[in-house]
Structures are given as structure tokens and as C-alpha cells.
Amino acid sequence: MIEVQGLTRTYGDYTAIDDVSFTCKPGRVTGFLGPNGAGKTTTMRIMIGLTTATRGEATIGGYHYHDIVNPGRHVGVLLDASAQHAGRTGQEILRIGARTMDLPSSRVDEMLAQVSLSESEAKRKLRNYSLGMKQRLGIAHALLGDPEVLILDEPANGLDPAGIRWMRDLLRDYARRGGTVLLSSHLLHEVELVADELILIGHGKIVAQGDKESLSAADAKQSTLVTAHDNVQLAAALAAEGLESTPRARACASLPARRT
Ligand SMILES: Nc1ncnc2c1ncn2[C@@H]1O[C@H](COP(=O)(O)OP(=O)(O)OP(=O)(O)O)[C@@H](O)[C@H]1O
């Protein structure tokens, strides 16, 4: 369980995140969605003690991250897949992680197999990894300690469609076994396929949150306002496409939201 309460971070007179509160539950994948600069990374960095909060707090399993003994065994983190020593091989990076977490080295081979990095790829230096390979290695590193919670910042970045499907299955399976997953993205279609819960952030503030079904239902009740030079023709074109529209007094039409 991740609990975030009233989290605020200011830089001078700029507020990067403003009174952010949410909960991520075990057995659920929570998608943290927002455009570039919305405050996703800042929130995640505060959760794991890399950035201090100006106000509010974040706990994981009831503890502040820095109070968790051997945190890698409880919280798997992937914030920046390139933030590893570029001159080390994938295998070395995982071995160091395993040693730090007091895990047997056999765990490294298990993880390499799980993320489909071959023996020869594991022996390549990180500087020669593609972005997708770095993401796979980062996910292997996050899963190394068999944690109960995963915090992943844009983990699908750089993965090809097959890689995205692979990650989606991996995260779904992890949550099915009771794990808590928080993953960020700026792409709705990327998270909505994997997430059970969605948290939407914009300009540092939470703008919506809830389970995917209820958010989609709320979205379906809204309508879109459209206008054209010739609204009679617009209404005819919409009707031809099977879209219902309600003409307004002024030159525009209102369309009920429809998912494509
Ligand atoms: N150390 C810092 N000093 C000043 N401003 C910062 C600092 N860190 C983050 N910010 C600002 O806070 C805002 C939120 O940044 P953040 O990285 O959390 O966004 P994000 O949602 O993760 O975006 P992206 O999808 O681009 O990664 C941005 O405007 C950013 O420039």
C-alpha cells in the first residue's frame, strides 16, 4: 500500500506539486497519468526519499521510505533506466544490486531470463544498450528483491509494441499475486490497458482519480462542443457518421463523448 497525503513541493515561488493525495492498493495497478512537467516524477521521487517534500508525506506499507530496512526487498523502483554506471554490464549491475540486497547471485540469472535479456546482452556494457534494453534491465533491477510494491516512472518508454505487451502482462501478473504497482505515463492509451486505477495530474494538482470504469463512465457523460462555418452542414456530416448532436442557440453543436 502506498499512501500520499497532502504532498506539496515548491521550488522558490514555483509549485511543482500542490496538495497531492492518493492511495495505491495491493492487487491493483495504478496508472499515474499527466503531461510532461505535470509533477509525476517529483511525486515519485518524494515517495522514495530522493526529493524532500515542502509539506505532506508519503508512506509505503506505513513507513517512510528511508525507515525501511533493506528497501529493495520491499519496494522496487525504476525512475530512470539510464541512471546506472554506463561502463558496467547489465549482469554486473544486477549482481551489485543482489549483493546490496543480500540476495543469492542465482536471482540475477532468474531476473535476466524474466526480462528476456540473453546471456550475450547481459555481458554488454550499459552504454551499448538500446533504450528498450535499459528499460528491461531497470525492470529486472526493480524486481530483483521480490518486492511487494513497484514504483515505475514511464517504464514503457523505449519499448516496442511487443515489449509493451510483455510489460503489461508482467505487471498484471504481479498485481494478481497481490503486488502494488504505481506506474506513470503521459500516454493514456499506454496506461489504460494495464491500470485498474487512474490518477490524473496536471500542473501539479490531481484533477481526477478513481477506478478506470468509473472514470470512463464519468467521461462518457460529458459532451464536446464543436463549431464550424456552416453548422447545418456540420450537423449533417455528424449524423452521416452516426454521431448524435444537439444544436445550440449560437453557432455550435454539442456532441456526447464517445470512445473510439
Ligand atoms: N529541482 C527542480 N528545480 C526546479 N524545478 C523543478 C525541479 N524538479 C522539477 N521541477 C519542475 O517541476 C515540474 C514537475 O516536474 P516533473 O519532473 O515532476 O514532471 P513530470 O510529470 O514527471 O514530467 P515528465 O513527463 O516530463 O517527466 C516541472 O515544471 C519541472 O521543471
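Residues numbered from 1 in each chain as written. Predicted model: local features only at pLDDT ≥ 70, side-chain atom pairs only at ≥ 80, totals over all residues. Heavy atoms only, no water.

- Under an unreviewed UniProt entry, the name given to the chain is ATP-binding cassette domain-containing protein, and the organism recorded is Nocardioides mesophilus.
- In UniProt, the chain has this text filed under Sequence similarities (unreviewed entry): "Belongs to the ABC transporter superfamily." (UniProt positions renumbered as here; feature names shortened; annotations may be inferred.)

**Overview of the layout of surface pockets**
Any space left empty among the atoms is revealed by the rolling of a water-sized probe across them.
Then step 1. In this model, the largest pocket occupies a volume close to 540 Å³.
Then step 2. What lines the largest pocket is a set of 25 residues, among which Y65, V77, Q84, M101 and H141 lie closest to the centre.
Then step 3. Of all the elements in the fold, those that place two or more residues in the lining of the largest pocket are strand 5 (75–78), helix 2 (90–100) and helix 5 (131–143).
Then step 4. Considering each element in turn, the lining of the largest pocket owes the most residues, five residues, to helix 5.
Then step 5. Size it by volume and the second largest pocket reaches roughly 170 Å³.
Then step 6. Along the walls of the second largest pocket sit 13 residues, with I46, G49, A58, H64 and H66 positioned nearest its centre.
Then step 7. When residues in the lining of the second largest pocket are grouped by element, the largest group, three residues, is from strand 4 (residues 55–60).
Then step 8. Split by residue class, the lining of the second largest pocket holds six nonpolar, six polar and one charged. (1 Å grid on protein atoms, 1.4 Å probe; cavity = no way out; pocket = protein on both sides within 12 Å on 5 of 7 lines; lining within 4 Å. Points joined across faces, edges and corners; volume = space filled by probe spheres on them. Helix = DSSP H or I, 4+ residues; strand = E, 2+ residues; numbered from the N terminus. Nonpolar A, V, L, I, M, F, W, Y, C, P; charged D, E, K, R; others polar.)

**Quick notes on the domain arrangement of the chain**
Then step 1. By domain assignment, the chain separates into domain 1 (2–220) and domain 2 (222–256).
Then step 2. Distance from the C-alpha centre of domain 1 to the C-alpha centre of domain 2: 42 Å. (Domains from an automatic or database assignment.)

**With respect to the packing of aromatic side chains**
Aromatic ring pairs are defined here through the distance separating the ring centres and the angle between the ring planes.
Then step 1. One pass over the structure, following the stated rule, counts one aromatic pair.
Then step 2. Ring centres 5.3 Å apart and planes at 55 degrees place the aromatic pair F22 and F32 in the tilted group. On the criterion of sequence distance, the pair formed by F22 in strand 2 (residues 14–24) and F32 in strand 3 (residues 29–33) is long-range, its members being ten residues apart.
Then step 3. A cation sits over an aromatic face here: R136 above W166, 4.5 Å from the ring centre. (Phe/Tyr/Trp six-rings, centres within 6.5 Å; stacked < 30°, edge-to-face > 60°. Lys NZ or Arg CZ within 6 Å of the ring centre and 35° of its normal.)

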